[in-house]
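One letter stands for each residue in the lines below.
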Amino acid sequence: MKGWLRSDGRKGIRNVVAVAYLVECAHHVARKIAEVAPEGAHVIGFPGCYPNAYAQRMMERLCTHPNVGAVLIVSLGCESFNRFQLDQIVAATGRPVQTLVIQNTGGTRSSIDTGRDWVARQIAALARAPTVPMAVSDLIIGTVCGGSDGTSGITGNPAAGIAFDKLVAAGAACIFEETGELIGCEGIMADRAVTPDLATELRASVAKAARYYATLGYGSFASGNADGGLTTIEEKSLGAYMKSGQSPISGLIKPGDIPPKGGLYLMDVVPDGEVRFGFPNISDNAEIVEMMASGAHCTLFVTGRGSVVGSAISPVIKIAANPHMYARLSDDMDINAGAILDGSATLDQIGQQIFDLVLATASGQPTRSEALGHQEFILTYKSFEPIGPSCLPV
Amino acid sequence: MLTDPRLLLLSPRDSVFVLRGQIEAGETVWVAGIAVAFPQALGLGHKIARLAVPQDGQVIKYGAPIGRATHPIAPGDHVHLHNLRSDYTPTYAIEAKP
């Protein structure tokens, strides 16, 4: 594997220009600018006009993600997002960065032309950027599941868990998440913590999620989950938990915290404090975005009902849990874990396939969603306290 | 005890099997030594009771509780929203379907 070395020592497996809008009012201009380079320029952004410390930090992390080589910031001009701080943080990493304020650039047409010129020049420069050797231990890999059904927890999720075990053994950092989908697993999960204090933190994160969802009145459970045979949130949780594999749990992080070394980490995605701003993650891409903000180079996405999404910035590897769905949506799927159900493959074989595909993806091979042009992105309001000292034992 | 190979047991103490192949409407299927008639088709991932569970008793899958029975469950029953509820948050499912 080869990657692009960044000034903080991390290495990227892609080298894209991020076109970052800072309020929905600048979204159209950002989208039109990125059309100049559909594969190399990726649109990310925050729609809100009111300030939010979480969104600010997420955008700072994403604009300095190892897969990002240059950043065009697109501001309307009057929004509350701190564009000066974002520009300074990106510039401090040595990346080319430009802030385009639509109100100061003559409006839509002129901003699009100016932005396209800048992006095209960066794309040309990034194409000549040198690469360095990269090892598995340089990788951070996330995992999510979406559109789950009764097959996810017996095929795709445990196979992703086997791939995670192989990645952790080779020195990578792996992140699993959605504490709202670990309700009912808190006891067995806490037993895997590397210290007793971390075990307490893991249990507390799931208890927080249970309280949060109880206040909202709905669990992290969509109607399609029930169509696929899942009945309760704790049943869905046990299936989702299988993605974590068997490795000891090295730490608990929150969105934007970067794993300090190799190992397995749980991401606590449920906001702290009283319930504000609605559901923790309104759809699967919000989870993928949080994985990327914590440095994920690539995300494993296990789906039973058949999600088709990809992501801006970091490739998504889609693992079909259900063989019937795979037959219908095979063009969107990278791995057929449903083969486990008809006996044509074992869990270990699919786990190895996923591991091999992570390495191929990191070496530059496009995933199905990348090849189809998927670049979904969503970021909404949240509020977090920093993690406590027990969350990352030395 | 004879069980159809489409019924998968995930953990030795589980009260349910998981379907790894579709059951067609009108089929009769062996479930832990009992011949059970299924008037409606059941898709992959659905659960069929292996053991009897009393009302309010825990249903076990993956060796862990996944909720409680809202009605007595007999071996061979389809286990789903009509007879199983969460111990945490209630399950939402769209009821009106074309």
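Note that the coordinates shown come from a computational prediction; the quantities given were computed from them, not determined experimentally. Counting of residues starts from 1 at the beginning of each chain's written sequence and follows it residue by residue. Numbering of ligands from 1 and lettering of chains from A proceed in the order in which they are written. For a predicted model such as this one, the threshold for reporting local features is a pLDDT of at least 70, and the threshold for listing and counting side-chain atom pairs is 80 or more; totals across whole chains, interfaces and linings nevertheless cover every residue. Heavy atoms from the whole structure form the basis of all side-chain values; hydrogens and water molecules are not counted.

### Side note on the overall build of chain A
The cut-off we apply is this: Secondary structure follows DSSP: runs of H or I at least 4 residues long count as helices, runs of E at least 2 residues long count as strands, and numbering of each begins at the N terminus. Radius of gyration here is computed from C-alpha atoms only, and the compact-globule reference equals 2.2 Å multiplied by the residue count raised to the power 0.38. Each residue gets one of three labels from its accessible area relative to the maximum for its type: buried under 20%, exposed over 50%, partly exposed in between, using a 1.4 Å probe on protein chains only. Contact criterion: two residues are considered in contact whenever any of their non-hydrogen atoms come within 4.5 Å of each other. Method for areas: the Shrake-Rupley scheme with a 1.4 Å probe, in which residue coverage is limited to the protein chains shown. Counting rule applied: Lys, Arg positive; Asp, Glu negative; His and chain ends not counted. Where a charge lies is defined by one atom per residue type: Lys uses NZ, Arg uses CZ, Asp uses CG and Glu uses CD.
Along the backbone of chain A there are 13 helices and 14 strands. At 20 Å, chain A has a C-alpha radius of gyration in line with the 21 Å of a compact globule built from 394 residues. By principal-axis analysis of the C-alpha atoms, chain A measures approximately 60 × 45 × 40 Å. Looking at chain A as a whole, 59% of its 394 residues are labelled buried. Summarising the internal contacts of chain A: among those between residues at least 6 apart in sequence, 75% fall at separations of at least 24. Of the roughly 13,900 Å² of accessible surface on chain A, a fraction of 54% belongs to carbon and sulfur atoms. With 30 positive and 38 negative side-chain charges, chain A shows a separation of 6 Å between the mean positions of the two kinds.

### Some words on the confidence of the model for chain B
Heads up, the condition is: Residue-level confidence of the predictor, termed pLDDT, takes values from 0 up to 100.
Residues with a pLDDT of 70 or more make up 96% of chain B, whose mean pLDDT is 92. Quick note on the complex model: pTM equals 0.93, ipTM equals 0.91.

### Points about the interface of chain A and chain B
Selection criterion: Salt bridges, as used here, are contacts in which a Lys or Arg side-chain nitrogen is within 4 Å of a carboxyl oxygen on Asp or Glu. Any pair of N or O atoms that falls within 3.5 Å is considered a polar contact. Within protein, one atom must be able to donate a hydrogen and the other to accept it, and sequence-neighbouring residues count only if both atoms are side-chain atoms. By the convention adopted, Pro, Cys, Tyr, Trp, Phe, Met, Ile, Leu, Val and Ala count as nonpolar, Lys, Arg, Asp and Glu as charged, and the other residues, Gly among them, as polar.
Tallying the contact residues gives 32 residues for chain A and 30 residues for chain B. Our count for the contact surface shared by chain A and chain B stands at two salt bridges. The residue E235 of chain A makes a salt bridge to K61 of chain B at a minimum N-O spacing of 2.8 Å. For the pair chain A and chain B, the interface holds 15 residue pairs in polar contact (both at pLDDT 80 or more). Listing elements by their share of the side of chain A that touches chain B, those giving two or more residues are helix 7 (196-216), helix 8 (223-227), helix 9 (233-241) and helix 11 (323-329) of chain A. Ranked by the residues each element gives to the side of chain A that touches chain B, the list is headed by helix 9 of chain A, at five residues. Within the side of chain A that touches chain B, the residues separate by chemical class into 14 nonpolar, 14 polar and four charged.

### Some remarks on the sheet that holds strand 3 (residues 16-21) of chain A
Residues and elements named next belong to chain A. What counts here: Strand pairing is assigned whenever DSSP identifies at least 2 bridges connecting the two strands. Lines are fitted to the C-alpha atoms to define the axes, a helix being fitted only along its stretch in contact, and any angle between axes, read from their N-to-C directions, falls within 0 to 180 degrees.
Across the sheet, which stays open at both edges, the four strands sit in the order 4-3-5-6 with parallel pairing between neighbours. The sheet terminates laterally at strand 4 (41-45) and strand 6 (97-101), the two strands that pair on one side only. Each neighbouring strand pair of the sheet contributes to a mean axis angle of 20°, computed without reference to strand direction. For strand 5 (residues 68-75) and strand 6, the ladder comprises five bridges, and the chain directions are parallel. Bridge pairing in strand 6 places S75 opposite V101. On top of the sheet, helix 1 (residues 27-34) reaches strand 3, strand 4, strand 5 and strand 6; it is set at about 165° to strand 4, its chief contact. Across the face of the sheet, helix 3 (residues 83-92) comes into contact with strand 5 and strand 6 while running at roughly 160° to strand 6.

### Re the environment of L347 of chain A
All names here are of chain A. By the element assignment, L347 lies in helix 12 (residues 347-362). Here the alpha-carbon distance between L347 and V308, two residues 39 residues apart in the chain, equals 23 Å. Excluding residues that lie within four positions of it along the chain, L347 makes contacts with I154, T155, P158, A159, I162 and I340.

### Focus: the packing of aromatic side chains
Here the distance between the centres and the angle between the planes together describe a pair of aromatic rings. All names here are of chain A. As a reminder, the rule being used: Two aromatic rings, drawn from Phe, Tyr or Trp (for Trp, its six-membered ring), form a pair once their centres lie within 6.5 Å of each other, and the interplanar angle then sorts them: stacked below 30 degrees, edge-to-face above 60, tilted otherwise.
Within this structure, the stated rule accounts for four aromatic pairs over all chains. With a centroid separation of 6.5 Å and an interplanar angle of 50°, the aromatic rings of F46 and F81 are classed as tilted. Within this pair, whereas F46 is found in the loop between strand 4 and helix 2 (53-63), its partner F81 is found in the loop between strand 5 and helix 3, the two being separated by 35 residues in sequence. Take F46 and F81: they sit in the same class, and that class is buried.

### A word on the nonpolar core
All names here are of chain A. For clarity, the cut-off: Put simply, a nonpolar core is a bunch of buried Ala, Val, Leu, Ile, Met, Phe, Trp, Tyr and Cys residues held in one set by side-chain atoms that sit within 4.5 Å of each other.
The biggest cluster of nonpolar side chains holds 65 residues, and the ones touching the most others in it are I141, L167, M189, L300, I319 and I354. Aside from chain neighbours lying at most four places away, what touches I354 is A159, A160, A163, L300, I319 and I335. Among the nonpolar cores identified, the runner-up in size contains 26 residues, and L22, M59, V289 and A293 belong to it.

### Quick word on the pairing of strand 12 (residues 298-303) of chain A
All names here are of chain A. Most of strand 12 is tucked away: six of the six residues are buried. Of the strand pairs in this sheet, strand 8 (residues 140-145) and strand 12 are connected by five bridges, and their pairing is parallel. Along strand 12, the bridge assignment pairs C145 with V302. One ladder, built from five bridges, connects strand 12 with strand 13 (residues 316-320); its direction is parallel. Pairing of L300 across the sheet is with I317, part of strand 13.

### Structural notes on the sheet that holds strand 10 (residues 249-253) of chain A
Residue and element names in this part refer to chain A. Strand order in the open sheet made by the seven strands is 10-11-9-8-12-13-14, with parallel pairing throughout. The sheet terminates laterally at strand 10 and strand 14 (335-336), the two strands that pair on one side only. Contacts from helix 7 reach strand 10 and strand 11 (263-267) within the one sheet, and its direction differs from that of strand 10 by about 50°.

### A closer look at the pattern of salt bridges
All names here are of chain A. Scanning the model with the defined rule gives 18 salt bridges over all chains in all. Its salt-bridge partner being K11, residue D138 comes within 3.1 Å of it at the nearest N-O pair. Of this pair, D138 sits in the loop between strand 7 (132-133) and strand 8 while K11 sits in strand 2 (residues 11-12), and the two are 127 residues apart along the sequence. On the basis of relative accessibility, which here comes to 16%, the residue K11 falls in the buried class. The closest approach of N and O atoms between D272 and K208, which form a salt bridge, is 2.6 Å. Taken together, the positions of D272 in the loop between strand 11 and helix 10 (284-293) and K208 in helix 7 put the pair 64 residues apart, joining distant regions of the chain. The class for D272 is buried, based on a relative accessible area of 11%.

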